[in-house]
Amino acid sequence: QRKEENAEYKDLMASNGAAKEVILFAKNRLQKFYNPKLYKAAPKAELSKEDRIFVNNGGTPPPTEAPGGIAGTGISVGFAQMASSSSSEVAPPPPPETMEAYTKKSEESNGVMAMMDLLVKDLDKEMT
């Protein structure tokens, strides 16, 4: 029984860690669009001394390993997508045509960013 509980716990912690990583990655991508000052760019690949000399003398940099995971982000997750039980044979009706008032980007992003912060806090609370 304890081995089963331990396996469940480890699985839960791995899933929560992966979910938190995905949320933080998505939040950073949204920052790039909504608030570029807060966006943190991915770190550049560090070349070895020999590779830098080779590149500085006109050579091409060595090929880098392609990132795996979700859509080439490098985030590997063990999530499984289950098929939905609703029938997808009937197309949804078209959305109504409306004109919305102009809003600043920061105003519409505040709710999304706050929701992501809440999700990360909940995951942290569950993981401790």
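Everything numeric in this text was worked out from a predicted model, so none of it was measured.

A.B. asks: Please give an account of the overall build of the protein that cites residues and values.
C.D. replies: On a plain count of helices and strands, the protein comes out with 3 helices and 0 strands. Start at the N end of the protein and walk to the C end: the helices and strands fall as α-α-α. For the protein, the proportion of its 128 residues judged to be buried stands at 12%. Long-range pairs, those at least 24 residues apart, make up 68% of the contacts in the protein with a sequence separation of at least 6. Of the roughly 11,400 Å² of accessible surface on the protein, 57% is carried by carbon and sulfur atoms.

A.B. asks: Can you break down helix α1 (residues 2–34) residue by residue, with the values?
C.D. replies: Between its first and last C-alpha, α1 extends 47 Å over 33 residues, near the 48 Å set by a 1.5 Å rise per residue. Residues of α1 that are buried include every one of M13, N16, A18, A19, I23, K27, Q31 and Y34, and no others.

A.B. asks: Go over a negative patch on the surface, please, and point to the residues and values.
C.D. replies: Together, E4, E5, E8 and D11 make up a region of like negative charge exposed at the surface. Positionally, E4 belongs in helix α1. Residue E4 is classed as exposed on the basis of its relative accessible area, which comes to 57%.

A.B. asks: Mind laying out the nonpolar core, listing which residues take part and the relevant values?
C.D. replies: A19, I23, M116, V120 and L123 form the largest nonpolar core, which has 5 residues in total. For this core, the elements supplying multiple residues, two or more each, are α1 and α3 (105–127). Take this core: its biggest share by element is 3 residues, from α3.

A.B. asks: Before we move on, can you summarise a nonpolar patch on the surface with the specific residues and values?
C.D. replies: A cluster of nonpolar side chains, namely V112, M115 and L119, defines an oily patch on the protein surface of about 240 Å² accessible area. By the secondary structure assignment, L119 is in helix α3.

A.B. asks: Describe the confidence of the model for the protein, with residues and values.
C.D. replies: Averaged over all residues, the pLDDT of the protein equals 77, while 70% of them reach at least 70. No element of the protein has a lower mean pLDDT than α3, which averages 81, and none a higher one than α1, which averages 88.

A.B. asks: Which residues make up the side chain of K27, and what values go with them?
C.D. replies: Within the element layout of this structure, K27 appears in helix α1. Using a relative accessible area of 18% as the deciding quantity, one classes K27 as buried. If we skip the residues at most four places from it in the chain, K27 touches M113, M116 and D117.

Analysis parameters
- Residues numbered from 1 in each chain as written.
- Predicted model: local features only at pLDDT ≥ 70, side-chain atom pairs only at ≥ 80, totals over all residues.
- Heavy atoms only, no water.
- Helix = DSSP H or I, 4+ residues; strand = E, 2+ residues; numbered from the N terminus.
- Buried < 20%, exposed > 50% of the residue type's maximum accessible area, 1.4 Å probe, protein only.
- Contact = heavy atoms within 4.5 Å.
- Areas by Shrake-Rupley, 256 points an atom, 1.4 Å probe, with all protein chains shown as cover.
- Expected span 1.5 Å × (residues − 1).
- Patch = residues over 30% accessible without salt bridge, like charges linked within 9 Å, V, L, I, M, F, W, Y side chains within 5 Å.
- Salt bridge = Lys/Arg side-chain N within 4 Å of Asp/Glu carboxyl O.
- Lys, Arg positive; Asp, Glu negative; His and termini not counted.
- Charge placed at Lys NZ, Arg CZ, Asp CG, Glu CD.
- Core = buried A, V, L, I, M, F, W, Y, C linked by side-chain atoms within 4.5 Å.
- pLDDT = per-residue confidence, 0-100.

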